[in-house]
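A look at the structure
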Amino acid sequence: MPLCDVSRGIQNGIKIFYRTYGHGPNKVLLIIGLAGTHDSWGPQIKGLTGTDIPNDEKKNIFRNHSFVLESGDDFNGEHGNGIEVCAFDNRGMGQSSIPTKKSEYTTTNMAKDALALMDHLGWRKAHVFGHSMGSMIACKLAAMVPERILSLALLNATGGGFECFPKIDSQMLSIALRFLKAKTPEQRAAVDLDTHYTKEYLAELVGLKTRREILYQEYVKGISSSGMQSNYGFEGQLNACWTHRVTSRDIEAIKSAGFLISVIHGRYDIIAQIYHGRKLAEKMQPYARMIDLHGGHLVSHERPKEVNQALTELIQASDMKLSPHDWSNLPKKGGSELMGMKIMLSRRRAECGNLISFLYEMLAKLNFIFLYLIGLFIMAFEQGRRIFKNLRPARVGAITS
């Protein structure tokens, strides 16, 4: 089993499970999000490398069958796409170690895990693609070692903290309660489908079944094989999201390296709202391109063809050393456009008056407070449920050997 020791000399430390796919000079590191495993990148692994069989398994197949590779052949069956991909399980999930201290889960620590994995693989530089929490980790990695990043793709990204709160409505509150109550793979699968995809996508017919029915069976099978995420892992990864911040220093470090960035987002994501993704892209100007697709939080699965095309274009543009100004599709800051924006804003303020501006600012602050209280309520509810469960008297049965 391929493991990378990221404990930095500590005995019985943390080990990260990883898999590599394909072969080629272009190296791509895929960082998955909260409660996801390396398998969650399936459509991108197949789209980028042309295979979904890990390299270590292919080597075993060839070794066991005594196959001899001719000159020019590779493990991809044909000639591959010149790309080698590495996907891994973050600490706290899948086959990687599960630290028990919540403080050990930060996006900075997890970025150091990713960096240790790059060193373990002997990758000097790589294209780094992250999804959701993985995009937070990718940002920290890019800010930590910008000289080792070839390009950066942030899928369904936010800036962490309050931005991690989903859009609060009756649907989201229902999903949150169902998530807290989910104790079996079947219950968890049902909740995950509603958070990952749009209703329209789940209702589409594939043959005689809806996508919901097909995906439900796949999710139950996947969760059953990998196991439900432990409380240590879930609470730790949640802590990493909550404490994450993209600082101005991070942004400047990323921009100073000059690599190209793609921010890819599902238009109807109820977990990571697209507003936050767009705001992050604007902060990374002039190096960022914003791509919004008709999809939900797991837009990489709902729109795999479009996402894979966007990622391939990012790799190709980076190889060609395309100018950031030719890459970005966001309005350019500065010059006459910025002056026009200032004039327009001043006119609007004059028209609307100070009262409306004040009310708007107050509503924005109240919205943040409301989201914070909702988060505290959900965490308090879960903690209270656990305490109550521990206080209930245990039944004492006969001891069996």
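Numbering of residues begins from 1 in every chain and follows the order in which that chain's sequence is written. The model is predicted, so local features are restricted to residues of pLDDT at least 70 and side-chain atom pairs to those at 80 or more, both for listing and for counting; the totals for chains, interfaces and linings are taken over all residues. Note: side-chain values were computed over all heavy atoms of the structure, leaving out hydrogens and water.

Points about the nonpolar core
Buried residues of nine kinds, namely Ala, Val, Leu, Ile, Met, Phe, Trp, Tyr and Cys, make up a nonpolar core once their side-chain atoms join them within 4.5 Å. Any residue under 20% of the maximum accessible area for its type is buried, any over 50% is exposed, and the rest in between are partly exposed; the area is computed with a 1.4 Å probe on protein chains only. In this structure, Leu-29, Ile-31, Leu-141, Leu-154, Ile-261 and Met-284 are the most contacted members of the largest nonpolar core, which totals 50 residues. The element contributing the most residues to this core is helix H4 (residues 133-144), with 8 residues. Core analysis: the next-biggest nonpolar cluster, separate from the first, contains 25 residues, Tyr-21, Ile-264, Leu-311 and Leu-314 among them. Secondary structure elements follow DSSP: runs of H or I of four or more residues count as helices, runs of E of two or more count as strands, with numbering from the N terminus.

Here we look at the environment of Leu-34
Structurally, Leu-34 can be placed in the loop between strand S3 (26-31) and helix H1 (42-49). A residue is classified by how much of its surface remains accessible, and Leu-34, at 32% relative accessible area, is partly exposed. Considered as a pair, Leu-34 and Leu-238 are 204 residues apart in the sequence and their alpha carbons are 7.2 Å apart.

Notes on the pairing of strand S5 (residues 126-131)
The element S5 is largely enclosed, with a buried count of 6 among its 6 residues. As paired elements, S3 and S5 share 4 bridges and run parallel to each other. Its bridge partner lying in S5, Ile-31 is registered against Gly-130. When DSSP finds two or more bridges between two strands, those strands count as paired.

Regarding the packing of aromatic side chains
Centres within 6.5 Å are what make two rings of Phe, Tyr or Trp a pair, Trp counting through its six-membered ring; a difference in plane orientation under 30 degrees is then read as stacked, over 60 as edge-to-face, and the rest as tilted. Within this structure, the stated rule accounts for 6 aromatic pairs. Where Phe-165 meets Trp-242, the ring centres are 5.5 Å apart and the plane angle is 75 degrees; that geometry is what we call edge-to-face. With a gap of 77 residues between them, Phe-165 in the loop between strand S6 (149-155) and helix H5 (170-181) and Trp-242 in helix H9 (residues 231-243) connect regions that are remote in the sequence. Using a relative accessible area of 13% as the deciding quantity, one classes Phe-165 as buried. Under the relative-accessibility criterion, Trp-242 is labelled partly exposed at 31%. These aromatic residues form a ring-pair network of at least three members: Phe-162, Phe-165 and Trp-242. A ring is considered to have a charge above it if a Lys NZ or an Arg CZ atom is located within 6 Å of its centre and within 35 degrees of its normal. Across the ring face of Trp-327, the terminal group of Arg-289 is positioned such that the distance to the ring centre comes to 3.7 Å.

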